[in-house]
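Spelled out, the chains give:
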Amino acid sequence: MTQGSERLTADIASPLLPLLALEEITVRAGTFFLPGLCLRVFPGEFHVLLGPTGAGKTLLLETVAGFLRPAAGRILLGGRDVTALPPEEREASYVPQDLALFPHLTVKDNIRYGLRWRRRPPGEVEPHLETLIRVTGIGPLLHRRPADLSGGEKQRVALVRALAIRPRLLLMDEPLSALHLQLRAEMRDLLRRLHRELRFTALLVTHDLEDAFALGDRASVLLGGRLHTAPSMEHLYRYPPNTAVARFFGLPNLFPATVKEVRGREIVLEVEDLGALLVRLPEGAEPVLDSPNLNPGRHLFLGLHPEEITLVKPDRRHLPRKNLFSGRIARISPRGRSFCLLFSTARAVLEIHIPSYAMEKLPIHEGWEGEVEIKEDKAFLMPN
Amino acid sequence: MTFRRLTVTFALALAGFYLLLIFSLFTLFQPPTLLSALLHPRTLFSLRLSLLAGTLATILSLLLALPAAYGLSRHRFPARNLVDTLLELPVVVSPVALGAMLLLFFTSGPGTVLQKHGITVPLEVSGVVVAQFAATAGMATRLLKAVLDEIPTRYEEVARSLGASPFRAYLTVTLPLSLRGMTAAAILTWAKAVGEFGATITLAGSMAFKTETLPIAIFMALSGADLSLTVTLIFILVGVGMLTLYAARLLAGRGRS
């Protein structure tokens, strides 16, 4: 009774109150150590937790689920401190990487498993289950056993089982990693549709950028024992918080640089191997950079997205430009939807990506000599 | 000879060795004696005592071994390795030594408390059950632990995230998933209890129509130089043992498919 009313107030109190809050969570498991992590997930949000293999994402998820007790810190779920609560009292459904459908139960009994322990009026349960079965299309599978299901079908059943109890929070650990490309795209789509229809709150762990872009309302990245949260996946990708994250995203073109001059949002940098560069900070980049310390002499890192370096066509050279660098194209290699160009300047090599359709119109070839332009608002800066 | 052939030959040779042992029983086998010995009240008593005491000891062993095995399989705790090692005691120590330890426990050790309350174990039927229990409990725990180790903890974790208490998760997920393996473990425990000799005779003695189990009856028949009775009793024991083992193998095999 008290639990129910508590939940109600927590849910409607304010959309600004996080549904899940990790406060300085420290996790120790064997030799693994995650120190003092903070994370907020808001009601109705689909939060993606990104990170390379071995970063401790699963460990963090298991801590939220309650299988691991953190060595320090607090976990708040719906405003309630659940740090000491066992998993069954957290109402956070868990979908592990291998799904762990109960092999001895039919699909129907699998998806109703959690309802055995959560007595709710049938008038509330049945329509919800029907919606889940309709959206996921698992109706024809109800009397089968998990062993007789395909990978995608298992995936759907595991999702329905987890959502059937109307959990406060849905926890998913790399749920799509076992699927091939086509099915993966379908499942992403299904997850998005389910989320739009039911507005549950989800925390999904993945190392896959495409999953993160497709699903995440907001995204965090866990790397080297540190957790960074960004307002969106695009933002995280556009402005990686540090070089480690940028490298995890596979971003080339990272250079050490020194601040020469600061004029409001405009910064003149001396970039190692490249020379002077003018950068204009976009809105939202400050938290990443802790700009109060952005004084001349400060050492930091410059990153250039390979899609945003432009080749200057010879006939346009007369136009006034800043941030021009001359050199030659050392190599052109196709990458499917785009081409990858290695552009050698005097001392640096820049990686440039050009979409295939644009490539056709460009009179360039290996050995082409000319200039590239770096737009001042397209570079990103990282403190380390 | 390929390595594969060599290894298979060794397996066949060992099986052949045991088969020869069984065949050598036939040199002294006389069908008329079999029937009369089989229907002899003393034989029937031994068989019944063996089956009853063995079943009782198995139930006791499993009742204690199941939760113990679960604890050992699922949880890390201090002295876990020590516990694991102590459970091997009946395997490492000769059964006679185990029986002697039991005898000392009940006659001059902490077990004398029971004696004062009128519960006598040495030289009693209860001694048979206690000896068989002592000889099998450790093994049963280890067998059941191996079965539980095979069931991924993921299932229980998911069950608990869906609201099941640890006990409910165990009852509704782990237990049904391990049922075949557990049945096989129970049968093996039972076979071991029924065949137990050393600890039983040391603690409970060898009184005809009281504590004489089938293995003890074999020993007594052999001591009395009654070879045809010995052979008959062995046949019964081999029959019971092989049948149960075969049943266990079938169950375990089906569980794997």
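Attention here is on the structure that accompanies the text. (Residues numbered from 1 in each chain as written. Chains lettered and ligands numbered in written order. Predicted model: local features only at pLDDT ≥ 70, side-chain atom pairs only at ≥ 80, totals over all residues. Heavy atoms only, no water.)

1. Overview of the overall build of chain A
Helix and strand counts for chain A stand at 11 helices and 20 strands. Considering only C-alpha atoms, chain A reaches an extent of 75 × 45 × 40 Å along its principal axes. Burial analysis of chain A (384 residues in total) assigns 54% to the buried set. Contacts in chain A between residues at least 24 apart in sequence constitute 67% of all its contacts with a sequence separation of at least 6. Each charge class in chain A can be summarised by its mean position, and for the 50 positive and 46 negative side chains these summaries are 2 Å apart. (Helix = DSSP H or I, 4+ residues; strand = E, 2+ residues; numbered from the N terminus. Buried < 20%, exposed > 50% of the residue type's maximum accessible area, 1.4 Å probe, protein only. Contact = heavy atoms within 4.5 Å. Lys, Arg positive; Asp, Glu negative; His and termini not counted. Charge placed at Lys NZ, Arg CZ, Asp CG, Glu CD.)

2. Overview of the packing of helix H4 (residues 122-136) of chain A against helix H5 (residues 151-164) of chain A
Packed helices, taken two at a time, are described by their axes: the angle between them and the distance between them. Residues and elements named next belong to chain A. At a minimum axis separation of 10 Å, H4 and H5 run at an interaxial angle of 160°. In terms of orientation, H4 and H5 fall into the roughly antiparallel class. The handedness of the crossing between H4 and H5 comes out as right-handed. Here H4 contributes His 128, Leu 129, Leu 132 and Thr 136 to the contact with H5, which in turn contributes Arg 156, Val 160, Leu 163 and Ala 164. The residue makeup of the contact of H4 with H5, split by class, is 5 nonpolar, 2 polar and 1 charged. (Axes fitted to C-alpha atoms, helices over the stretch in contact; angles between N-to-C directions. Parallel < 35°, antiparallel > 145°, perpendicular 65-115°, else oblique. Left-handed = near helix turned anticlockwise from the far one by under 90°. Nonpolar A, V, L, I, M, F, W, Y, C, P; charged D, E, K, R; others polar.)

3. What to know about the environment of Asp189(A)
Mapped onto the elements of the fold, Asp189(A) is located in helix H6 (residues 181-198). Judged by relative accessible area, Asp189(A) falls into the partly exposed class, the value being 44%.

4. Some details on the layout of surface pockets
Of the volumes computed, that of the second largest pocket is approximately 500 Å³. Forming the walls of the second largest pocket are 18 residues, and the residues nearest its centre are Phe67(A), Arg74(B), His75(B), Glu157(B) and Arg160(B). Secondary-structure elements contributing two or more residues to the lining of the second largest pocket are helix H2 (57-65) of chain A together with helix H3 (41-74) and helix H9 (153-161) of chain B. Element by element, the count of residues in the lining of the second largest pocket is highest for H9(B), at 4 residues. Grouping the amino acids of the lining of the second largest pocket by side-chain chemistry returns 8 nonpolar, 3 polar and 7 charged. (1 Å grid on protein atoms, 1.4 Å probe; cavity = no way out; pocket = protein on both sides within 12 Å on 5 of 7 lines; lining within 4 Å. Points joined across faces, edges and corners; volume = space filled by probe spheres on them.)

5. Looking at the interface of chain A and chain B
Taken together, the contacts link 25 residues of chain A with 18 residues of chain B. At the boundary of chain A with chain B, total buried surface from both sides reaches about 1,800 Å², with 66% on carbon and sulfur atoms. Summed over the three residues of chain A that lose the most area to chain B, namely Glu88(A), His104(A) and Trp117(A), the buried surface amounts to 33% of that side. Scanning the region where chain A abuts chain B turns up 2 salt bridges. Between Arg160(B) and Glu88(A) there is a salt bridge, with its nearest N and O atoms 2.8 Å apart. Our count for the chain A to chain B interface comes out at 5 residue pairs in polar contact (both at pLDDT 80 or more). (Buried area = accessible area lost by both parts, 1.4 Å probe. Salt bridge = Lys/Arg side-chain N within 4 Å of Asp/Glu carboxyl O. Polar contact = N/O pair within 3.5 Å; in protein donor to acceptor, adjacent residues only side chain to side chain.)

6. Focus on the sheet that holds strand E3 (residues 46-50) of chain A
Residue and element names in this part refer to chain A. If you walk across this open sheet you meet the 6 strands as E6-E7-E8-E3-E9-E10, and the pairing is mixed. Either end of the sheet is taken by a strand with one partner, and the two such strands are strand E6 (92-95) and strand E10 (226-230). Strand-to-strand twist in this sheet, taken as the mean axis angle between neighbours without regard to direction, amounts to 20°. As paired elements, strand E7 (residues 169-173) and strand E8 (residues 202-206) share 4 bridges and run parallel to each other. (Pairing = 2+ DSSP bridges.)

7. Brief notes about the pattern of salt bridges
Residue and element names in this part refer to chain A. Inspection of every chain in the model, using the stated rule, returns 31 salt bridges over all chains. Glu 174 is the partner of Lys 57 in a salt bridge, and the nearest nitrogen-oxygen pair spans 3.8 Å. Of the two residues, Lys 57 is situated in helix H2 and Glu 174 in the loop between E7 and H6; the sequence distance between them amounts to 117 residues. Per residue, the accessibility class of Lys 57 equals that of Glu 174, and both read buried. Close ionic contact of Arg 188 with Asp 211 constitutes a salt bridge, the shortest N to O distance being 2.6 Å. You can see Arg 188 sitting in helix H6 and its partner Asp 211 sitting in helix H7 (residues 209-215), a full 23 residues away along the chain. Residue classification places Asp 211 among the buried residues on the basis of a relative accessible area of 2%. Overlapping salt bridges, with partners in common, bring together Glu 261, Arg 263, Glu 266, Arg 280, Lys 322 and Glu 376 in one network.

Functional significance is not addressed by these values, which are geometric in nature.
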